[in-house]
Each structure stands twice: as C-alpha cells, then as structure tokens.
4 protein chains.
Amino acid sequence: MKNTFGSAVSLTIFGESHGPAVGAVLDGLAAGLPVDEEYIALRMERRRARGDGLSTARVEPDRVEILSGVLNGHTTGTPITFVIRNTNTRSGDYAKTADLLRPGHADFTAYAKYEGFQDARGGGHFSGRITAASVAAGAVCEKILEEKGIRCYTHIARCAGIDDAPLSSAAGQFPQDPEPGHFALLDPAKEAPMMAAIRAAGEQGDSVGGILETVITGVPAGIGEPFFDSVESELAHLAFSIPAVKGIEFGHGFALADLRGSQANDPFTMREGRIVTATNKNGGVNGGIANGMPIVFRTVIKPTASIYREQNTVDYVSKKDAVLSIKGRHDPCIVARAAVVQNTLAAFGILDLLTVRYGTLGQKK
Amino acid sequence: MKNTFGSAVSLTIFGESHGPAVGAVLDGLAAGLPVDEEYIALRMERRRARGDGLSTARVEPDRVEILSGVLNGHTTGTPITFVIRNTNTRSGDYAKTADLLRPGHADFTAYAKYEGFQDARGGGHFSGRITAASVAAGAVCEKILEEKGIRCYTHIARCAGIDDAPLSSAAGQFPQDPEPGHFALLDPAKEAPMMAAIRAAGEQGDSVGGILETVITGVPAGIGEPFFDSVESELAHLAFSIPAVKGIEFGHGFALADLRGSQANDPFTMREGRIVTATNKNGGVNGGIANGMPIVFRTVIKPTASIYREQNTVDYVSKKDAVLSIKGRHDPCIVARAAVVQNTLAAFGILDLLTVRYGTLGQKK
Amino acid sequence: MKNTFGSAVSLTIFGESHGPAVGAVLDGLAAGLPVDEEYIALRMERRRARGDGLSTARVEPDRVEILSGVLNGHTTGTPITFVIRNTNTRSGDYAKTADLLRPGHADFTAYAKYEGFQDARGGGHFSGRITAASVAAGAVCEKILEEKGIRCYTHIARCAGIDDAPLSSAAGQFPQDPEPGHFALLDPAKEAPMMAAIRAAGEQGDSVGGILETVITGVPAGIGEPFFDSVESELAHLAFSIPAVKGIEFGHGFALADLRGSQANDPFTMREGRIVTATNKNGGVNGGIANGMPIVFRTVIKPTASIYREQNTVDYVSKKDAVLSIKGRHDPCIVARAAVVQNTLAAFGILDLLTVRYGTLGQKK
Amino acid sequence: MKNTFGSAVSLTIFGESHGPAVGAVLDGLAAGLPVDEEYIALRMERRRARGDGLSTARVEPDRVEILSGVLNGHTTGTPITFVIRNTNTRSGDYAKTADLLRPGHADFTAYAKYEGFQDARGGGHFSGRITAASVAAGAVCEKILEEKGIRCYTHIARCAGIDDAPLSSAAGQFPQDPEPGHFALLDPAKEAPMMAAIRAAGEQGDSVGGILETVITGVPAGIGEPFFDSVESELAHLAFSIPAVKGIEFGHGFALADLRGSQANDPFTMREGRIVTATNKNGGVNGGIANGMPIVFRTVIKPTASIYREQNTVDYVSKKDAVLSIKGRHDPCIVARAAVVQNTLAAFGILDLLTVRYGTLGQKK
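Computed from a predicted structure; not experimentally measured.

**Re the overall build of chain A**
Along the backbone of chain A there are eight helices and 18 strands. The globule rule puts the C-alpha radius of gyration for 365 residues at 21 Å, and the 21 Å found for chain A is close to it. A principal-axis box enclosing the C-alpha atoms of chain A has dimensions of 70 × 50 × 35 Å. Between the centroid of the 37 positive side chains of chain A and the centroid of its 40 negative side chains there is a distance of 1 Å.

So this is what it looks like as structure tokens:
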C-alpha cells in the first residue's frame, strides 16, 4: 500500500505542506499501552524548525491533536489518529517559480506521476513537513518500547564535514536526548563547530548533508524474518521513506567490503549466562533476525535540495532550459531534524516486528 | 508477509538447503508475457557454484521446473511456480558441529526464533541456496522488462580489494553479461587479479566481500511512491533479503554527506525533446519516484561467514564457550553469485512498481 | 491490516463514537479524478440520523472536512483524509449501565479483546457512527465510477416484513436515489407501510432488520481474481465490515441450493455484438471474475441490537447475571442508513479491483 | 495479493488442472507445531473424487509432497510447500469444444481477463482441482487448532433437496468425520436418499447443489477485528474463494431479517464461571469479534456448472451463438467434496486470526 506500511502494526501518513493538515494513523497496537502526550510534544519540539539560521524560518507550533484510539492516557487498541494543522503557509513564495523544476526535488517526478494534478504548493506531499505526523506516531512507539526495556537513540555521526565521537565512546550508558535547540551528539564539544559550519553554508546560499547513526538496545533475539521481512529490510524500507535519505548500512556496513571473514564475523561468547557476541560488526542482525545485541545502522542525509544559489533547470510548461532562483523558507541543513524522524520511525519498525512475534494480547502492564 | 513481497506482483520463496527443494511463486503478472526457459537456465548457470576455488564445491545442476502459470512460452496470468530440487546434499558435514554457533551466521538467531525446531542442515532456510528460486523468478522479470526497453545490469564494483572501472566508463553502451565462469566487470582486465585475490583468501581458509553496483535503464519517470513505497524503499527491501547484504546506497550515496546542495543537485536540462538531468548523483530517483534517468545503486556484500579458520564461539546446548572448525563446502567469496541475485530481484522490484502504475491489462505484445 | 483494506486502492478508518472525530483515509487513487464535495454531503445526509422515529435522536450535521489529497476539486493522487467531528455526544446516558453487557453488541467482545481499555462510550469504535467516514470515502468512489459508466444502487429489498418490488421491475432504467427522508425503494408505494412497521416496532421498544440488495452496472468483464481476490471475496469482505450484516449472497444466492445445473447456468448469447448472458443467476460473476453483466448481491441486516426492553445479561465486573434497561438514543431500524454504507463500500471495492487491473495512470479525463 | 491471503499466517495457491501440478505455500506458522502427514492424506482422501456416480470419474491418488518447512513431523517456522502432481489428465476431452463458452463456468471471464493466454485445459486455474492443495494446507491448520482445543466440523446441511438434521441435534458431542465414501451428515439416515437424489440428477445429465454448515468450537473470545478483519470478513473472504460458493450467512443469517431485536439478541449469562450467551443466533461473533461461543456459518454451493445436457452458448472465436455438449469427466454434485475444502479453509482463517492475536512465539507444546 502506498502510504501505509507495517505488518502487525501499521502506519498511514497523509497531508500536504500547504493543505489544511498533515497527519498519521497508527493501527494494530495492543490496548492498554501508555500514550504520553507531553513526550509527543517534546519529540515534535525537537523536529520543529527554529528559524535560527540552522533550520527554516517557517516556524510552526506543531500542536498534535489525537482524534482517536487513546483514552485516559492509554491506547484503546483501535487506530490512533494524529493531526497537525498547517498554520504558517506562504504559498505565494512559490508562485513565481512554479513551472521551474527545482533540481534535487520531486517537482519533475510529481508532474510525471500525477500528470499535473499534484499539490505543488510548498512541495505538497513531498515536503519534509509530512514527516511531522510520523514523528508523533513514532514517539508513541518509543515510549511503548521504553516500557519493554528497548531504547532507540539517533545521533548526528557526521555533518558539514565534522564527525561526532564514535558510538563506542558511549558504551556503558545510554545517551541522553539533547535539550531543545541542541544537537544529538555524543560529544557536545562538536556542536559549536558543526553549527558554525552549517550557518556558514547557509550564508553562502548553500546547504550541507550528513550521516545519522541509530542504535537500538534491548531488542530480544528472534524478531525479524529470514528474507523479505528481515530487520534490515524493515528498517531500510522505513528509512528510505524519509526524504533526503540516500543510503543505509548496518553494523560496519560498507567497510565490510574490505574485511575478511575472520575479521567480519562476530564471535559468540557467554556473558552473565547469556549468549552475546564479542564484537558487533553485523549491527545486531544475523540472517535478517535480531541477535540481541544493539541494532546499529547509519543513513546518509543528502544536503537540502532547496538552495538560494542560481541553478540551471527546465521550465516544465515551455519545455525550455531556464535558470532558477528559489524563494521560500528552507533549511540549510535538515540532518538534526531528520534525526528525530529516523529515530521514531525505527521505533515504529521495531514495535511492528515485536508485535508480529508476540501478538497483541497481554502487552499492557 | 514473511516470505512474500510485492504490491501488484508478488514473490513468495520457500525451501531449505538440505530439504527436498527450494522454490518460488511469482504472482500478479499480466497474461501473454514471454517466459524464456533457456534464459532462466542461463541465469541459473551464472548463479551456480562451480567448484573452481571461487565458489563452493557443492555443485548442482539447478534445473528449474515450472509447475504452473506458463503455457506455450507465455504467462497465463496465474501464479508461476519454480521448483529446484536439492540433489547434492551432505548433511553429515554439519552433524559434528551442529551445536556450535557459527559466527556471522544465523545459527543463533534461528535457535532464538524457531525454538530449536529449525532445519539447521546446511543453513536450512538461511542458506544462500534459497536465492536460487528467486533468480529463476527474477529472470522472468528481466525478460519482461527487456521487451519494454528496460534493462538491469549488475557488476562487481569492488571485490577482494580490487575496483572495477567506474560505471561512467560504460556510458553509451549497455554492458554485456559475462560468459559462464567469468565475472561481471566493466573492465575485463580486473578479472584475473580479482580471482587471484579471492583464491588466495580461500587458500588461507578465509573469505572476502565486495560491493555490487546495479544500473537500471529505460524506467519511465513516474513509477514509485512518495513515502513507503518509494523506488528506494522497494529496492532496499529486496536487497536486504539477500543474505550478506549489509548496506545499500543510491546515486552518490554516502558520498553525498560531504557535498553541498549546489554540488548534489542534478540540474534539469532539455535533451532531444526530453527532460533529463545533466548529472545523476541522485541515482535516478527524486522524492522516491523514478525520474527517467538510470537508477543506480550499490550494495555491500560482507565476506562469506563460513571460513575454515578456528573461531571462538558458544555451544548452544551446553551454553559454554567453545572453538569451532567448520567443515562443509563453502564459497570463499559470494560476490559474483550474489550479483545475479541482486540483478534479478531488482528486475522483480521494478516490474512490481510498473504494474502498480500501469495495471495488468494489455501488457502483452 | 486491521482497519485498512484494499489492494490498489486502500481505505483506512478510525474513530470512536464519543471521541473527538471519526474519519477515513482513502489512498491509491489516480490523480485528476473528480471530488465533488456537494455529492459527499448528499451521501452524508442520506446516512444521517433524522430523529423522526425511524432513526436515532442523536442528530448531527456530519460535516466532512477533507484534510488532504484534494486540490481544485480533483484528486492529487495522494491520500485523501476525511474527518467528521463528533458533536452531539451524551456519554452520561451510558454511565449507569456501563458494566452490563448489551446483548447483540460488542461490549463483551471488546472487553475480551481490549482487556478493559476500550473506549466504551457510545459503542466506541464499534458504533455504526464509524461508518460515516467510509460513506464519505465511498461517495468519492461512486462519482469516479460514474464517470467511467459504472453505477451502484442499493435498495431495501425487505424490511420489517415488507418486500420491495423485485430488481427485475427496474429493468431498462437505473433507479433514482431517494429524496432525503425517504427510503431507497423500487416501488415507492412500499415506503409508507414499511415506515409504519418500523415505527410500530420502535414504539414497542423493539427493533427490526431487513435485506439490502445492491446492483452494480457497467463493470467491464475481467476484473477480480480467480481465488482469494474474487469479486465476491472483495465485496463480502467489505460488506461484513458493516455492523449488523450477518449474511451475503450473489445472484440467486441461497436459492441456488435447490436448482439444478441446467437451471442455474446462465446461457451465453450475442447481443448487439457483445457476449452477454441470457439470465443472471450468478450475479455477474463467474469464477470470481466479473462477466460484464450487472453484479447483484444481497445482505441481511440484523435488527438493531439496542432495544429499550429489559434484557437478561451479565454484569462484567461482578460476573453476575443481571437485567439491563438501555438508555441512550438508538435506531429502531438501521436498514435504510446501512443502504448508503453498503453502496459506497461496494463502490470502493469495485474501484479497487478496477485499479488493480488498469493501474493509476491516465484514468483522468 | 491475488493468490495469497492472510495476515499473520498466509496461504498462496497455484496450479492448473492439466498442468504439471497444483500446490500451496503456507507461511507464518510458529515453529514446533505438529504436521501429521497421515491426517493430510485422510483429508485428501475425503476431497478426492471416487468415480462412483457421485463425483467425477477423474480419479487421482492426490499424493501430497511436502517440499519445505517440515522436519521430523513438526513445523520449522518457515514456509511449508505442498505439491500434488496432476496425473490423470485427458485434455483431449476439451479440445473440440474449446471455443464454446461453458455456461456457469469461467471460460468467458478467463478470456476477458487473460486475453486468450489462459490455460483453458480442464478449467485451468479455475478448476476445483486447485482446491486440493489448500485442503492439504488447511489440514495442517486443523491439527494445530485441535491441539489448542479448537475444532472445525462441516456437514452437508442440505443437498439435492434433502435436509440433514439441524446442528442443535449434535449438542453435547462433537460430530465425527465420516468414513471414506460417506457423507458428513449429522443424521446418517439422510445419506442414502441424498446419494440417490444426486445419482438421479447425474443420470439425467444434470447436477445439484446444496448448503454446507460449519461449526467451530473452542475459539477464545477476543480474536478478530472490529471492521475489515472481522471474523466474518475473514471467513467469508476465504469461503468465496471456493469455486461454486455464492452465499454465506453467520448464525441465523438471512432469517434475522424477519426477527425483532428482542428475538435476535443473544442474552449473556454466567455458566460455570464463564460468560456465555444463552442462545447463539449471532453465530459466535459480536462486532466482528469471536465471543467464545461456537462460530457457525452456512454457505450455498451452486449446482455443478458442467452438465451433459445441451446448452445454448456462444462460440468465442466466431462470436456466434452455438449449442454446447460437454464431454470430460464431471461431478453431478460437488457439495460433499466442497465440505472438506470449506472446513480446512475455515481452520486456516481461524489460525490466522489467532496468530495475529497471540503471535508466533511459544505456540509449541
């Protein structure tokens, strides 16, 4: 299904950037699970643009209204619907350049696919804004997982040419979420230079990309399926639904190409009565199935397609070459905001796989 | 669904390495499309092990029997079932070490998931052998796409530390498939050193990995969906169902992290009356939807988990640390064989997305 | 998926009777198809309760807000979201009897399934009110089908012991929809006695059921699938999602049990250059696939479960036998309102099957 | 998906009547569940034609080969594949009349759908023979349910104008399956007249239909979903995939149309500490969800379409009216054979819903 994904738990997303609202329907949860609206608001706050030179000047409160499926702070077991109204829309910014295809964007593919009937205002259904509702839905999943001892954390592994500290530096304690306005970094000292580099690119009318790294701890061995519904297939399917993600790798990922088997295999060993692996180069997944070690994956976020520099392009209507100068309000870097989306979608994916295995009965406390 | 994937066209796979057979059911094709059993046999031949020091000594004829859905060389429109009998099985090789978890393999996760009831012989359902049937199914898809002017080609971009020529070197002509026993390389001169490096690793009881690159030309702009069923989500979902794939990237992939937007955006331009992009750093996909340029993606294949060196591990039954020496017949490198699997699954994925868009009526010639 | 159905076009429903809203997401439509909000309002008006002794005194305006997927009166090709706010809720009516399981209702099964976390107010997710949003979605489908020459009509074949005229009496012209406040009947003379019989039952604190008959004309031969996605399976799956439907039959249905093959087979014959059947005892479906004749099916609607008479039941909390007197506002008969739901869901089902076959490209005018 | 159905457990069917084989893939089962090949053979034997004037003279051994997913008499947790070779095919019988559309059959719809590429021999994919493999798959499900205390039984409620005893007559003990060659009847005295009536119709070159009734006991309250995946939707979807089924009703079904609410509601009462209903007019389902009472449904089986009498029809190629005299070997009545198919598919459906709710972990003994 086109805008619905999941096996036992499903997520449906809808909305356009400049339409009345964006939203999501989260279905298939067990009844009696906690829904913490304050936590959802915190997640929305982290995804939200701040107009601070790091993200777009389109600042909206992103208040989430829950239309169904929640009563007295718990899931009822029926579909949960999240709606976020669009308030601060300035479609006029787009009018003048509407026929000029923005490079790196979906303008041309939207024309090709929707034959001219797409809602092109502000990127329409292709806007990163659509991810707001999936963050609300995924925030519910994060909290449910947390009660089961499963935690998801995503940090900015690299951005604007600056690396965060490696994940190994966090061993022994689970990283804390950043305060609003701050970046999710293992080494807080990297924040100032990273922000400076982003602002510098923005001031040049340009944009930067980066790499996100997600770690999920506490996942019981045995979830996921050997082939099409592997943990990796499920998480990759979801990750590529985030606009701007162009690659994903698990464990040591592309670096495995240059290792030998004797280096890439994670030896098993007993630790405190449990079977664990001594290393985790396979990122917590063997044969598509979680092995109980932290699930680790990295995605690449391409630099924001909307830049203020002049770009060569085509006028779709006249079918002639043209030069485009973008107006509108855009992020010089979406890596920090995408981190929240990636983390919440990963939580959704893991909860889906858990529910396939354990069913919906008796999940409540 | 666990072993079934696809929206309009679906693929179901089944089988165990040492059971009676492996197979696949391909459903949802239009009626009247060509099914070329000779071409299927060629594809099987390319995936087949050869016992030549480059792949496992378990050599089987891999004859594909079609049980349904084909009549007079054409699809009937009903499910096509492919069965490949297992003939050369030597389960005895595994008996002695059955309780010792092979590092990098699914032994432990299979125990965790199937609670001891898995068919562990030869890797059971986790064996690369299961991919044989999906090659047969995907070969049918390749031929159907070819009639529509869509071609898929996968080469070994890197293996055992040796790079093939870049894709750009093939511009202007579509690469030819290699002869049996040869590698899919854009620069044939790379074959001898690559094979030598693989054999060297094998002689040391070790294994190597590599990187596959797939290019799909002729895909019409407009297929794929904005979010969950993006071209990237579909192809990644399928790629991660190939054992040993641990990462995938589209276009310039992870390298996009260090580009600026002005470098990463592909400018549109008119060429012979068509809208094209001057570069293809986004790998033929914008906003999840094909833009008509070649779809390009790369996957990393980890080094074969089965190696002959001693490895530290755990005895699952006694729950004690142990040392494992693997017997059995294994590939020092599966990159060349995986290339066929990746190519055929990609063809399946594209045909699925095409069928979502164009339906099943009137596809025949 | 639990609250999502469809292959190429999908429908997701959500909401609770006394929650903030009920709604639906309709996804998978081609772009450029007409969306007529006035027609949707007409359909909502027909499903709406009127407080006239024939339906519940809970009268609400049922204004449909479209949150996404529509621009300038046409589909954009992305998900269409319909939301209908709940305004006239009086949960207090239910408080006193909340632990007493209402016979014929889902109170007990909701307890069993949701472990006490269900939203029980006004029937929650089990209320017939949830169907309001599917009517909005199905109304869009009806209009799209109409442009393709496909029409759906549902009349009350029998209600409160009174039969409408047989479908054959309408041959030659497609029946008209009734005016608001009137019943969908082929013979208008049956309306007065039918309404009188319903009111009589209601005045006795009781309720009545009936039979709906739907006819769909203009469906091209060839849609539907031989087995699991037969026209009959799809329409039955949808029909049983309407609360109170307990049976469905196609063509001559249960009466076929007593016919011989020579009587039940519909002979083919040429008519105006087209292959048709001389009779239509199979209801327009052979082997699961539409044969081009009108698709005809009938469903039975059980009498409304909510009645004002005293009923024996169980107190769920004390687990003791008890006697229930229902308050609240309920319909003595929902057959007339269910007719709209059935017709719109049938339109959705047919549009789904059409889209599987013809795809989404080029459906627009 | 076209030939695949199910949420947590899925069934894929394939094959043509005169192709190499028919078969099925059953996926999603927990590991460690029993697979009793003798029981499967018994079920196949019951579905099998006997050439005794009651069923077709095409008698085949129907040996089921299991290609995957079973080891040492237990499920491994991976897909189970069943293959039944076609042995006794006489396609020549069909050659002469191949262009004459058989009334009541799928010949015309197959032409319309598959554009002439269908395998028309012996009905191809539309033959009742395709159900053989789903019987094998469903027999596995029956046995798994039996270990959980859930039993499915289907009897011939009516055939050739003769009624079996009502289900109520079996209260207190679960009916026994009939011996091979006998009918599933609650009152064995009805067998002789029923068989005689069938033979009489067959001798006149005609055929008869009937009604099947299925009862499923031991289903725990709480399985099924409120709307699209209701118990009724799931079982109806499956029932209509059986060729010749044209109607289904739950509990008192169509008779509910003429009851009042006070008669149709099943009062709850305590019995031995459990909540039960005093009557079961709703057939064990309230609001789409099982209430713990026996699930009861009835389907109508139309008379076999293949009859030996002359029938008016159309020549598909010349597009002219014609007269058809059918050769081939056909059943004068398929009700008794369909009973096995219905029972096994119902078992599959219930197991699917159970697995959605309870997951796959820890189902084994």
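Still more ground to cover, so stick around.
**What about the sheet that holds strand β9 (residues 162–163) of chain A?**
Sheet architecture is open: 10 strands sit in the order β9(A)-β8(A)-β10(A)-β16(A)-β11(A)-β11(B)-β16(B)-β10(B)-β8(B)-β9(B), paired in antiparallel fashion. The open sheet has two edge strands with one neighbour each: β9 of chain A together with β9 (162–163) of chain B. Pairing geometry for strand β10 (residues 210–217) of chain A and strand β16 (residues 295–301) of chain A, over seven bridges, is antiparallel. Bridge pairing links valine 215 of chain A to valine 296 of chain A in β16 of chain A. Contacts between helix α8 (residues 335–358) of chain B and the sheet are confined to β8 (151–159), β10 (210–217) and β16 (295–301) of chain B, with β10 of chain B contributing the most and set at about 30° to the helix.

**Section: helix α1 (residues 37–47) of chain A**
Residue pairs three or four apart in sequence face the same way in an α-helix, which turns once every 3.6 residues. All names here are of chain A. Turning to α1, its buried residues number three or more, namely Tyr39, Ile40, Arg43, Met44, Arg46 and Arg47. For α1, the angular spread of the buried residues around the axis is 160°, confining them to a single face. Across from the buried face of α1, at angles greater than 90 degrees, the exposed residues are Glu38 and Leu42. Tucked into the core, α1 has its buried residues touching β4 (64–68), β7 (80–85), α4 (131–147) and α8 (335–358).

**Structural notes on the relation of the copies chain C and chain D**
Mapping chain C onto chain D calls for a screw motion: a turn of 180° about the axis and a shift of 0.0 Å along it, with 0.0 Å RMSD after fitting. These values place the two chain copies in the arrangement generated by a two-fold rotation axis. In this assembly the copies share their binding face: 100% of the residues contributing to the interface of chain C also contribute to that of chain D.

**So, the interface of chain C and chain B**
Bring the parts together and some accessible area is lost; that lost area is often taken as the interface size. Facing six residues of chain C, the contacting portion of chain B comprises six residues. When chain C packs against chain B, close to 650 Å² is buried across both sides, 55% of that on carbon and sulfur atoms. For the interface between chain C and chain B, the tally reads zero salt bridges. Across the chain C-chain B interface, the total number found is four residue pairs in polar contact (both at pLDDT 80 or more). Of the residues contributing to the side of chain C that touches chain B, the split by class is three nonpolar, two polar and one charged.

**So, the relation of the copies chain C and chain B**
When chain C is brought onto chain B, the operation consists of a screw motion whose angular component is 180° and whose axial shift is 0.0 Å, with 0.0 Å RMSD remaining. A symmetric contact is evident, with 100% of the interface residues of chain C recurring at the interface of chain B.

**A few points about the interface of chain C and chain D**
On the chain D side, the residues contacting the 101 residues of chain C number 101 residues. Between chain C and chain D, a total of about 8,100 Å² is buried, with carbon and sulfur atoms accounting for 62% of that surface. The largest contributions to the chain C side of the interface with chain D come from Phe227, Phe228 and Lys246 of chain C, which together make up 12% of the buried area. The salt bridge involving arginine 158 of chain D is made with aspartate 258 of chain C; its shortest N-O contact spans 2.9 Å. Seen at the junction of chain C and chain D, the total is 44 residue pairs in polar contact (both at pLDDT 80 or more). Of all the elements, strand β11 (residues 245–250) of chain C adds the most residues to the side of chain C that touches chain D, at six residues. Considering only residue class, the side of chain C that touches chain D consists of 46 nonpolar, 35 polar and 20 charged. For β11 of chain C and strand β11 (residues 245–250) of chain D, the ladder comprises three bridges, and the chain directions are antiparallel. When the sheet's bridge partners are listed, glutamate 249 of chain C is paired in β11 of chain D with glycine 247 of chain D.

What counts, and where the lines are drawn
- Per chain, residues are indexed from 1 in the order of the written sequence.
- The order in which chains are written sets their letters, starting at A; the order in which ligands are written sets their numbers, starting at 1.
- This being a predicted model, a pLDDT of at least 70 is required before a residue's local features are given, and a value of 80 or more before pairs of side-chain atoms are given or counted; all residues contribute to the totals for chains, interfaces and linings.
- Just so you know, side-chain values use all the structure's heavy atoms and leave hydrogens and water out.
- Put simply, DSSP marks the helices as runs of H or I at least four residues long and the strands as runs of E at least two long, and each gets a number from the N terminus on.
- Only C-alpha atoms enter the radius of gyration, while the globule expectation follows 2.2 Å times N to the 0.38, with N the number of residues.
- Counted charges follow a simple rule, with Lys and Arg positive, Asp and Glu negative, and His plus the chain ends left uncounted.
- Charge positions are represented by NZ for Lys, CZ for Arg, CG for Asp and CD for Glu.
- Two strands form a pair only when DSSP identifies at least two bridges running between them.
- Residue contacts are counted whenever heavy atoms from the two residues lie within 4.5 Å of one another.
- Lines are fitted to the C-alpha atoms to define the axes, a helix being fitted only along its stretch in contact, and any angle between axes, read from their N-to-C directions, falls within 0 to 180 degrees.
- Only protein chains enter the accessibility calculation, which uses a 1.4 Å probe; a residue is then buried when its area is under 20% of its type maximum, exposed when over 50%, and partly exposed in between.
- What the arc covers is the set of directions going from the helix axis to the C-beta atoms.
- Superposing copies: least-squares fit, C-alpha atoms only, residues required to have pLDDT of at least 70 in both.
- Reported buried area values correspond to the accessible surface (1.4 Å probe) lost by two parts on association, with both partners' losses combined.
- Salt bridges are counted wherever a side-chain nitrogen of Lys or Arg sits within 4 Å of a carboxyl oxygen of Asp or Glu.
- We define a polar contact as two N or O atoms separated by no more than 3.5 Å, with the added condition that, inside protein, one atom must be a possible hydrogen donor and the other a possible acceptor, whereas residues neighbouring each other in sequence contribute only through side-chain atom pairs.
- In this classification, Asp, Glu, Lys and Arg are treated as charged, Ala, Val, Leu, Ile, Met, Phe, Trp, Tyr, Cys and Pro as nonpolar, and every other residue, Gly included, as polar.

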